[in-house]
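An overview of the molecular structure
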Amino acid sequence: MKNVILTGDRPTGNLHIGHYVGSISNRLKLQEKGGYDKFYIMIADTQALTDNADKVDKVKNNIIQVAIDYLSAGIDPEKVNIFIQSQVPELSEITMYFMNLVSVARLNRNPTIKEEIKQRGFSNSMPVGFMCYPISQAADILAFDANIIPVGEDQEPMLEQAREIARSFNSTYGEKVLVEPKSVLPETKNQARLVGLDGKLKMSKSAGNCIYLKDEPEVIKQKVMSAYTDPNHIKVSDPGQVKGNVVFEYLEAFATEESFKKYLPEYKNLDELKAHYKKGGLGDVKIKMFLNNVLQELLAPIRERRKELEKNVDKIYNMLFENGKKARQHAAKTLERMKNAMGIDYTKFLK
Ligand code: TRP
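Residues numbered from 1 in each chain as written. Predicted model: local features only at pLDDT ≥ 70, side-chain atom pairs only at ≥ 80, totals over all residues. Heavy atoms only, no water.

1. Notes on the overall build of the protein chain
- What the protein chain contains, in helices and strands, is 16 helices and five strands.
- Over its C-alpha trace the protein chain gives a radius of gyration of 23 Å, about what one expects of a compact globule, namely 20 Å for 351 residues.
- Evaluated residue by residue, the protein chain yields a buried proportion of 52% over its 351 residues.
- Taking the intrachain contacts of the protein chain between residues at least 6 apart in sequence as the baseline, contacts between residues at least 24 apart amount to 77%.
- Counting every atom, the protein chain has about 17,400 Å² of accessible surface; 53% of that belongs to carbon and sulfur.
- The distance from the centre of the 51 positive side-chain charges to the centre of the 46 negative ones in the protein chain is 1 Å. (Helix = DSSP H or I, 4+ residues; strand = E, 2+ residues; numbered from the N terminus. Rg over C-alpha atoms; globule rule 2.2 N^0.38 Å. Buried < 20%, exposed > 50% of the residue type's maximum accessible area, 1.4 Å probe, protein only. Contact = heavy atoms within 4.5 Å. Areas by Shrake-Rupley, 256 points an atom, 1.4 Å probe, with all protein chains shown as cover. Lys, Arg positive; Asp, Glu negative; His and termini not counted. Charge placed at Lys NZ, Arg CZ, Asp CG, Glu CD.)

2. Considering the environment of Ser-92
- Tracing the sequence through the fold places Ser-92 in helix 4 (residues 90-99).
- For Ser-92, a relative accessible area of 45% translates into the label partly exposed.
- Sequence separation between Ser-92 and Thr-46 is 46 residues, and the spatial gap between their C-alpha atoms is 9.3 Å.

3. Some thoughts on the packing of helix 8 (residues 133-142) against helix 9 (residues 156-173)
- Two numbers describe how helix 8 lies on helix 9: the axes approach to 9 Å, and their chain directions differ by 70°. In this view, helix 8 runs roughly perpendicular relative to helix 9, as classed from their interaxial angle. Handedness of the helix 8/helix 9 crossing: right-handed. Facing Tyr-133, Pro-134, Ile-135, Gln-137, Ala-138, Ile-141 and Leu-142 of helix 8, the residues of helix 9 in contact are Met-158, Leu-159, Gln-161, Ala-162, Ile-165 and Ala-166.
- Grouping the constituent residues of the contact of helix 8 with helix 9 by class yields eleven nonpolar, two polar and no charged. (Axes fitted to C-alpha atoms, helices over the stretch in contact; angles between N-to-C directions. Parallel < 35°, antiparallel > 145°, perpendicular 65-115°, else oblique. Left-handed = near helix turned anticlockwise from the far one by under 90°. Nonpolar A, V, L, I, M, F, W, Y, C, P; charged D, E, K, R; others polar.)

4. What about the site of the ligand?
- What surrounds the ligand is a group of 13 residues, the closest being Arg-10, Gln-47, Gln-137, Asp-140 and Gln-155.
- In this structure, an oxygen atom belonging to the ligand sits 3.1 Å away from a side-chain N or O atom of Arg-10.
- Here Gln-137 contributes a side-chain N or O atom positioned 2.9 Å from a nitrogen atom of the ligand.
- Surface burial for the ligand is 90%, taken as the share of its 370 Å² of free accessible area covered by protein chains.
- When atoms are counted within 2 Å of each cavity's grid points, the one that captures over half of the ligand is the largest pocket.
- Looking at the shell around the ligand, the elements with two or more residues in it are strand 1 (4-9) and helix 8.
- A breakdown of the residues in the shell around the ligand according to their chemical character gives six nonpolar, five polar and two charged. (Near = heavy atom within 4 Å. Polar contact = N/O pair within 3.5 Å; in protein donor to acceptor, adjacent residues only side chain to side chain. 1 Å grid on protein atoms, 1.4 Å probe; cavity = no way out; pocket = protein on both sides within 12 Å on 5 of 7 lines; lining within 4 Å. Sits in = over half its atoms within 2 Å of the grid points.)

5. Some details on the domain arrangement of the protein chain
- When the domains of the protein chain are assigned, the result is domain 1 (4-194 + 312-349) and domain 2 (217-307).
- Inter-centroid distance (C-alpha atoms) of domain 1 to domain 2 is 35 Å.
- The junction of domain 1 with domain 2 conceals about 1,000 Å² of combined surface from both sides, 63% of it contributed by carbon and sulfur atoms.
- At the junction of domain 1 with domain 2, the criterion picks out one salt bridge. (Domains from an automatic or database assignment. Buried area = accessible area lost by both parts, 1.4 Å probe. Salt bridge = Lys/Arg side-chain N within 4 Å of Asp/Glu carboxyl O.)

6. Digging into helix 16 (residues 313-342)
- Counted at 1.5 Å a residue, the expected span for helix 16 with its 30 residues is 44 Å, and the 42 Å between its end C-alpha atoms agrees.
- Turning to helix 16, its buried residues number three or more, namely Ile-316, Met-319, Leu-320, Asn-323, Gly-324, Ala-327, His-330, Ala-331, Thr-334, Leu-335, Met-338 and Met-342.
- The first or second residue beyond helix 16 is Gly-343, which carries a positive phi of 80°. (Expected span 1.5 Å × (residues − 1).)

7. Comments concerning the nonpolar core
- Membership of the largest hydrophobic core comes to 61 residues, with the highest contact counts inside it found for Ile-17, Ile-82, Tyr-250 and Leu-273.
- Built from parts of two domains, this core gets at least three residues from each of domain 1 (4-194 + 312-349) and domain 2 (217-307).
- If near-sequence neighbours (up to four positions away) are discounted, Ile-17 is found in contact with Leu-194, Met-203, Ile-211, Leu-213, Tyr-250, Phe-254, Leu-295 and Leu-299.
- Formed by 38 residues, the second largest nonpolar core is a distinct cluster that contains Ala-44, Leu-91, Leu-159 and Met-338. (Core = buried A, V, L, I, M, F, W, Y, C linked by side-chain atoms within 4.5 Å.)

8. Digging into the packing of aromatic side chains
- Going through the model one piece at a time under the given rule, you end up with twelve aromatic pairs.
- An angle of 85° between the planes, with centres 5.2 Å apart, marks the rings of Tyr-36 and Phe-39 as edge-to-face.
- Ring geometry for Tyr-40 versus Phe-144: centroids 4.8 Å apart, planes at 45°, classification tilted. With Tyr-40 in strand 2 (residues 38-43) and Phe-144 in the loop between helix 8 and strand 4 (148-150), the pair connects residues that are 104 residues apart, well separated along the chain. In this structure, Tyr-40 and Phe-144 share a single accessibility class: buried.
- Through pairs of rings, three or more aromatic residues link up here, namely Tyr-40, Phe-83 and Phe-144.
- Lying over the aromatic face of Tyr-133, Arg-10 brings its terminal NZ or CZ to 4.7 Å of the ring centre. (Phe/Tyr/Trp six-rings, centres within 6.5 Å; stacked < 30°, edge-to-face > 60°. Lys NZ or Arg CZ within 6 Å of the ring centre and 35° of its normal.)

Given below as structure tokens:
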């Protein structure tokens with residue numbers, strides 16, 4: 001079997017460090033490991049429109065932003081096909097055939113959708129397109145015969161739905177037409193859901209608690225300084241809590257032994273730093289300065305690359321469009337195979 005990796009993001013805002021630990025770093029690892037036949041990253045504009053029908057400009061403008069974020073974070077366009085979802089119209093046709101294989105009751109059981117409906121306050125106003133996006137996402141995946149899907153755990157219900165559709169299609173119309181995909185989840189809890197600067201919600205644009213990959217050095221520093229720690233750790237000598245402490249959560253995700261050697265050599269590793277904080281005698285400013293150094297080091301080269309890329313936006317659009325054509329060929333082949341299996345390839349009536 002061929003190995004096809006596929007993943008994607010909705011273009012509704014710039015990528016932040018939560019995306020970096022949660023998905024980008026995973027993708028970079030897969031890219032470096034190699035050994036795949038195809039690697040697609042989809043900028044899911046069609047999906048983004050399912051709850052942004054009146055905010056087309058936001059979605060449209062963020063396509064290039066997300067593309068620049070990928071490239072500046074190190075996604076290599078020679079190794080990965082980054083393309084725009086709406087440039088592969090076959091996906092919509094495939095979605096139509098899949099819709100007949102899924103019940104409304106099944107869609108209503110999807111826990112991620114349930115959560116999103118709550119967040120968005122849809123009661124009777126839920127767009128049909130939004131409700132059906134898990135089916136469209138199954139088309140995104142199955143159209144490319146993708147078997148490896150690196151995503152966060154909130155996407156697992158979408159993968160389950162895609163597998164069910166593949167099985168249902170195969171058992172209804174012909175074995176082995178569609179490939180069942182598997183997710184590759186982040187390894188640690190922190191990678192899965194990085195908490196926001198406020199310590200309450202996960203990092204997200206809508207919660208306004210993000211550090212963006214494109215943030216300038218002063219902004220990063222100011223955000224780090226404002227991060228939630230332990231409200232009862234008032235004096236330096238007070239014992240402090242590391243659980244729920246945003247600075248420690250971020251250090252857990254980003255600090256390496258190298259970082260300690262470079263910026264905080266009095267401690268060997270995070271365990272030592274935590275022990276001191278818990279005992280008392282370690283101030284917030286010190287741990288925040290350390291975190292600031294770690295994040296500045298991570299984000300400086302990304303920001304530099306972004307500045308270069310921003311000078312040549314036309315070239316990036318060109319790349320996206322060329323990639324879209326290649327992706328389209330792949331999806332068209334799958335669609336043809338599906339129609340053959342379903343027996344709706346009417347060209348045979350032409351003699
Ligand atoms: N639902 C994903 C998100 O919100 C984006 C997405 C669209 C996706 N199509 C996909 C992810 C296919 C993986 C595979 O981030």
